[in-house]
Amino acid sequence: MRKISPTGGQVWNFTQHTDSVISVAVDSDGYVYSASSDNTVRKINPNGGQVWKFGQHTDRVRSVAVDSDGYVYSASNDDTVRKISPTGGKVWRFPQHTDSVSCVAVDSDGYVYSASSDDTVRKLNPTGGQVWKLGQHTDSD
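Described in the following lines is the structure provided in the data block. (Residues numbered from 1 in each chain as written. Predicted model: local features only at pLDDT ≥ 70, side-chain atom pairs only at ≥ 80, totals over all residues. Heavy atoms only, no water.)

Concerning the overall build of the chain
When its secondary structure is counted, the chain shows zero helices and 14 strands. Counting from the amino terminus, the chain carries its helices and strands in the arrangement β-β-β-β-β-β-β-β-β-β-β-β-β-β. Relative to the globule expectation of 14 Å for 141 residues, the C-alpha radius of gyration of the chain, 15 Å, shows essentially globular dimensions. Its C-alpha atoms put the chain at 45 × 30 × 30 Å along the principal axes. Taken over 141 residues, the chain has a buried fraction of 43%. Put simply, of all contacts in the chain between residues at least 6 apart along the chain, 29% involve residues at least 24 apart. Approximately 7200 Å² of the chain is accessible, and the part contributed by carbon and sulfur atoms is 41%. Of the side chains in the chain, 14 bear a positive and 16 a negative charge, and the two mean positions are spaced by 5 Å. (Helix = DSSP H or I, 4+ residues; strand = E, 2+ residues; numbered from the N terminus. Rg over C-alpha atoms; globule rule 2.2 N^0.38 Å. Buried < 20%, exposed > 50% of the residue type's maximum accessible area, 1.4 Å probe, protein only. Contact = heavy atoms within 4.5 Å. Areas by Shrake-Rupley, 256 points an atom, 1.4 Å probe, with all protein chains shown as cover. Lys, Arg positive; Asp, Glu negative; His and termini not counted. Charge placed at Lys NZ, Arg CZ, Asp CG, Glu CD.)

In structure tokens form, the structure reads like this:
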């Protein structure tokens with residue numbers, strides 16, 4: 001993973017992932033969060049150094065998002081959405097998808113939205129409980 005300057009030059013190169021980086025998010029302080037096929041989420045400081053590695057997923061992590069309080073959300077092929085603390089610890093795990101979770105987003109109120117190959121979109125509250133499930137999609141592609 002590389003940080004590129006506004007003029008197109010490389011600022012740093014992060015090489016600690018052991019497989020493809022699939023998604024990145026950046027917080028307001030310049031920290032970078034990466035989701036990878038090596039089943040990890042990583043927090044990288046603005047200078048390119050690793051702050052922490054979250055390795056509790058059992059399959060590739062496909063999406064990552066971060067909220068204004070520094071909590072990180074991950075979506076994985078292990079059919080879960082997870083909330084990770086600003087220090088890299090597990091806060092909660094949402095296991096109710098029945099297929100790969102491909103995307104995760106968080107709004108300004110801390111509600112989490114996930115999209116899955118189980119043809120659903122779900123809204124979760126800040127403590128990991130399901131608010132609603134939209135199951136009207138007929139294909140995950």
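After that view of the structure, there is still more to cover.
Details of the environment of Leu134
Along the polypeptide, Leu134 turns up in strand β14 (residues 130–134). Leu134 gets classed as partly exposed once you look at its relative accessible area, which sits at 31%. Sequence spacing of Leu134 and Thr120 is 14 residues, and the spatial spacing of their C-alpha atoms is 5.4 Å. Sequence-distant contacts of Leu134, defined by excluding residues within four places in its chain, comprise Asp119, Thr120 and Val121.

Things to note about the pattern of salt bridges
Per the counting criterion, the structure on display carries three salt bridges. One salt bridge in this structure joins Arg82 and Asp78, with 3.3 Å as the shortest N-O distance. As far as burial versus exposure is concerned, Arg82 and Asp78 are alike and both buried. (Salt bridge = Lys/Arg side-chain N within 4 Å of Asp/Glu carboxyl O.)

Points about the pairing of strand β6 (residues 50–54)
Here strand β5 (residues 41–44) runs beside β6; their pairing, made up of four bridges, is antiparallel. Looking at β6, one finds that Arg42 is bridged to Lys53. The hairpin turn running from β5 into β6, its antiparallel successor, is five residues long, and Gly48 in that turn takes a positive phi close to 95 degrees. (Pairing = 2+ DSSP bridges.)

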